[in-house]
Amino acid sequence: MGDISDTAPRGAKLRWNLAGIAAGLGILILVFSISGASLSGILTSLQRVSWVTYVAAGLSLALIVVLAAWKWKIVLDETLDGQSLPLGLATSATATGALLGQIISIQVSVPIVRAWIARRRGIGVHAAVGTSLFEQMLELVTLGFAAIASVVLIATSGSIWVALAALGALCICGTLAIRPTLALGATILNWLPAPSILAGGKDRLSTGLRLMSDQRASALGLLMAISLFRYAAITALNVGIMIAIAPSIDPMPLIIAFPIILLAASLPFLPAGLGAAELSWVGALVLQGIDPAQATEMAITLR
């Protein structure tokens, strides 16, 4: 797996990951200390969640992972001639990468594990990493659209239908813009001069963008639809657990705030958004009148 990590010394990457873990833990400890939260409060929050909720959460997590693996498989099918992976193997790679993403950045862990497994099936490292990054990029695009829809919901005083219409329009326009945007990126890269030491990487990136832009419009539409459904499942899972812990809270403000929370959890420097995600949850819960200590305990319980 050495060719996957050629872009940076392993020692530097290790220091970067350790710094991210330390920063996340520092934020988490600071929030825990200032809020007055306690370990007994966390245990109490865990006890409030019924076994039915735990089972439902486990099934939801499995569905979320399978959807991500399915998206990656679709991208592989669309961009590589005759090369792909069974959905089960793609799911295994995605689940392992997501688990590793609790220690290092998930934007790094998932492509690396996927590339390692795909290479055993004759799929090149660059192809596996590139398709994986494209699949993850769609997640960020969907998250951005959801954030805009949340702003529309606030601006229209809670008009859900207007917000849904805005989200639908953004998804349609975004899907139609993917192919020309990727093709334009490939063209610009071809025009740009590059030192000889970077020429190979530039050519591989340009070729990758060109291959991505050749995907069928129907496949891109399916990818966007899966991304949207996956985002809805992640939202339902997280907000549902919060309601299970504190049934009296209003779910709508949490749904509106969730794009910001998920964005914090997606910060590449922090593994699984450690610290930043909890801080965002605490802010959203405190705005609903939840005591800071209880809000912190709920956020850590969700982790």
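Residues numbered from 1 in each chain as written. Predicted model: local features only at pLDDT ≥ 70, side-chain atom pairs only at ≥ 80, totals over all residues. Heavy atoms only, no water.

A. Looking closely at the overall build of the protein. Of the regular secondary structure elements, the protein holds twelve helices and zero strands. Sequence-ordered secondary structure for the protein, helices as α and strands as β, is α-α-α-α-α-α-α-α-α-α-α-α. The burial tally for the protein puts 42% of its 303 residues in the buried class. Of the contacts formed within the protein by residues at least 6 apart in sequence, a portion of 68% connects residues at least 24 apart. As displayed, the protein offers around 15200 Å² of accessible surface, 73% of which is attributable to carbon and sulfur atoms. (Helix = DSSP H or I, 4+ residues; strand = E, 2+ residues; numbered from the N terminus. Buried < 20%, exposed > 50% of the residue type's maximum accessible area, 1.4 Å probe, protein only. Contact = heavy atoms within 4.5 Å. Areas by Shrake-Rupley, 256 points an atom, 1.4 Å probe, with all protein chains shown as cover.)

B. A look at the environment of Ala-98. On the secondary structure map, Ala-98 appears in helix α4 (residues 87–100). Distance from Ala-98 to Pro-111, taken between C-alpha atoms, is 9.9 Å for residues 13 residues apart in sequence. With residues near it in sequence (within four places) discarded, Ala-98 still touches Ile-106 and Val-110.

C. Layout of the side chain of Thr-235. Looking at the element boundaries, Thr-235 is found in helix α9 (residues 217–245). Since its relative accessible area comes to 8%, Thr-235 is described here as buried. When residues no more than four places from it in sequence are discounted, the contact partners of Thr-235 are Gly-240, Ile-255 and Phe-258.

D. Representation of the packing of helix α6 (residues 125–155) against α9 in the model. α9 packs onto α6 with a crossing angle of 60 degrees between their chain directions and a minimal axis gap of 9 Å. With respect to α9, the axis of α6 lies oblique. Considering the relative orientation of α6 and α9, their crossing is right-handed. Of α9, the residues touching α6 (which contributes Phe-134, Leu-138, Glu-139, Val-141, Thr-142, Leu-143, Phe-145 and Ala-146) are Leu-220, Leu-223, Met-224, Ser-227, Leu-228, Arg-230 and Tyr-231. Partitioned by chemical class, the residues of the contact of α6 with α9 number eleven nonpolar, two polar and two charged. (Axes fitted to C-alpha atoms, helices over the stretch in contact; angles between N-to-C directions. Parallel < 35°, antiparallel > 145°, perpendicular 65-115°, else oblique. Left-handed = near helix turned anticlockwise from the far one by under 90°. Nonpolar A, V, L, I, M, F, W, Y, C, P; charged D, E, K, R; others polar.)

E. Quick peek at the pattern of salt bridges. All chains considered together, the criterion is met by six salt bridges. Among the ionic pairs, Lys-71 bridges to Glu-135, the shortest N-O distance being 3.3 Å. Of this pair, Lys-71 sits in helix α3 (residues 51–79) while Glu-135 sits in helix α6, and the two are 64 residues apart along the sequence. Both residues of the pair, Lys-71 and Glu-135, belong to the buried class. The salt bridge involving Arg-114 is made with Glu-135; its shortest N-O contact spans 2.9 Å. With Arg-114 in helix α5 (residues 106–119) and Glu-135 in helix α6, this residue pair connects regions lying 21 residues apart in the sequence. Each member of the pair, Arg-114 as well as Glu-135, carries the same accessibility label: buried. Each member of the salt-bridge network shares a partner with another, and the members are Lys-71, Arg-114, Glu-135, Glu-139 and Arg-230. (Salt bridge = Lys/Arg side-chain N within 4 Å of Asp/Glu carboxyl O.)

F. Just the confidence of the model for the protein, in detail. Looking at the protein as a whole, its pLDDT mean stands at 82, while 86% of the residues score no less than 70. Note that pLDDT drops below 50 for residues 1–8; the model gives that stretch 14 contacts with residues more than four away or on any other chain. (pLDDT = per-residue confidence, 0-100.)

G. Representation of the packing of α4 against α5 in the model. With their axes 8 Å apart at the nearest point, α4 and α5 run at an angle of 145 degrees to one another. As α4 packs across α5, the resulting crossing turns out to be right-handed. Contacts between α4 and α5 involve Leu-89, Ala-93, Thr-94, Thr-96, Gly-97, Ala-98 and Leu-100 from the former and Ile-106, Ser-109, Val-110, Val-113, Arg-114 and Ile-117 from the latter. The residue inventory of the contact of α4 with α5, partitioned by class, reads eight nonpolar, four polar and one charged.

H. How the structure looks around the nonpolar core. Counting 30 residues, the largest nonpolar core has Met-242, Ile-249, Leu-254, Phe-258, Trp-281, Leu-285 and Met-298 as the members making the most contacts within it. Of all the secondary-structure elements, those providing two or more residues to this core are α3, α6, α9, α10 (251–265), α11 (276–286) and α12 (292–302). Sort the elements by how many residues they give to this core and α9 lands first, with eight residues. For Met-298, the residues in contact, after removing those within four places along its chain, are Ser-45, Met-242, Ile-245, Ala-246, Ile-249, Leu-285 and Ile-290. Of all hydrophobic cores here, the second largest spans 16 residues; its members include Ala-149, Leu-167, Ile-178 and Ala-219. (Core = buried A, V, L, I, M, F, W, Y, C linked by side-chain atoms within 4.5 Å.)

I. Fine view of α4. The terminal C-alpha atoms of α4, which comprises 14 residues, lie 20 Å apart, in line with the 20 Å expected from a rise of 1.5 Å per residue. Taken as a whole, α4 has its buried residues at Ala-90, Thr-91, Ala-93, Thr-94 and Gly-97. One side of α4 holds all its buried residues, which, seen down the axis, span an arc of 165 degrees. α4 presents Gly-88 and Leu-99 as exposed residues on the side facing more than 90 degrees away from its buried surface. (Expected span 1.5 Å × (residues − 1). Arc of directions from axis to C-beta.)

J. Just a nonpolar patch on the surface, in detail. A contiguous nonpolar patch, built from Ile-160, Trp-161, Leu-164, Met-252 and Ile-255 and spanning about 510 Å² of accessible area, is present on the exposed surface. When contributions to the nonpolar patch are tallied by element, the ones reaching two or more residues are α7 (160–191) and α10. Among the elements that take part in the nonpolar patch, α7 stands out by supplying three residues, more than any other. Note on placement: Met-252 falls in helix α10. Overall, the relative accessible area of 30% leaves Met-252 in the partly exposed class. (Patch = residues over 30% accessible without salt bridge, like charges linked within 9 Å, V, L, I, M, F, W, Y side chains within 5 Å.)

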